[in-house]
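# Reading the structure
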Amino acid sequence: MAALEHFSVVSSTEQDTVVVTLTGELDPHTVGLFQAAIDDALDEGSALVLDLADLTFVDSSGIRVLIATHKALDARGQVLVLRNVGPPVQRVLEITGLTDVFQVEPIFPSS
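Quick look at the structure, then. Keep in mind that this is a model prediction, so the values were computed, not measured. (Residues numbered from 1 in each chain as written. Predicted model: local features only at pLDDT ≥ 70, side-chain atom pairs only at ≥ 80, totals over all residues. Heavy atoms only, no water.)

Topologically, L42 is positioned in helix 1 (residues 31-44). C-alpha of L42 to C-alpha of T69: the two residues are 27 residues apart in sequence and 8.3 Å apart in space. Ignoring sequence-local partners within four residues, the contact set of L42 consists of A72, L73 and R76. (Helix = DSSP H or I, 4+ residues; strand = E, 2+ residues; numbered from the N terminus. Contact = heavy atoms within 4.5 Å.)

This next bit is on the nonpolar core. The biggest cluster of nonpolar side chains holds 28 residues, and the ones touching the most others in it are L22, F34, L48, L50 and L82. Only strand 2 (7-14), strand 3 (17-26), helix 1, strand 4 (47-58), helix 2 (60-75), strand 5 (80-83) and helix 3 (87-95) provide two or more residues apiece to this core. Looking at this core, the element that brings in the most residues is helix 1, giving six residues. Contacts of L48, omitting those with residues within four sequence positions, involve T17, V18, V20, I38, A41, T69, L73, V79, L80 and V81. (Core = buried A, V, L, I, M, F, W, Y, C linked by side-chain atoms within 4.5 Å. Buried < 20%, exposed > 50% of the residue type's maximum accessible area, 1.4 Å probe, protein only.)

Glancing now at the environment of E105. Along the chain, E105 turns up in the segment after strand 6 (103-104). A sequence separation of 21 residues divides E105 from N84, and the C-alpha atoms of the two residues are 6.5 Å apart. Among all residues touching E105, those that are not within four sequence positions of it are V81, L82, R83 and N84. There is a polar contact of 3.2 Å between the side chain of E105 and the side chain of R83. (Polar contact = N/O pair within 3.5 Å; in protein donor to acceptor, adjacent residues only side chain to side chain.)

Right, let's get into the packing of helix 1 against helix 2. Where helix 1 meets helix 2, the axes come as close as 10 Å, and the angle between the chain directions of the two elements is 10°. Considered as vectors, helix 1 and helix 2 are oriented roughly parallel to each other. Counted together, V31, F34, Q35, I38 and L42 of helix 1 and S61, G62, R64, V65, L66, T69, A72 and L73 of helix 2 form the full contact between these two elements. Residues of the contact of helix 1 with helix 2, tallied by class, amount to eight nonpolar, four polar and one charged. (Axes fitted to C-alpha atoms, helices over the stretch in contact; angles between N-to-C directions. Parallel < 35°, antiparallel > 145°, perpendicular 65-115°, else oblique. Nonpolar A, V, L, I, M, F, W, Y, C, P; charged D, E, K, R; others polar.)

So this is what it looks like as structure tokens:
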């Protein structure tokens, strides 16, 4: 786990999927930690899910990494899944038109 005062990123594995959980604010000060976690996940070649339940803010630097990750996975025939997208991040995705690009799972899906 990597952490700054207002951000953390934790990677785990669920079956054949890497799950990257983000907490806090994704901005120019924290995007490097996010990018490193994404790079590690992409190197594994597994499916990738981003759990955004505790992500409270994302700016253009975070959106840039999301788009680049989507493109990298798409080139391999895989899909970037955004899980548990809360209202602040959902609003950014709507404003940028990215809700139609990413596979967004409902917030806290039932088992």
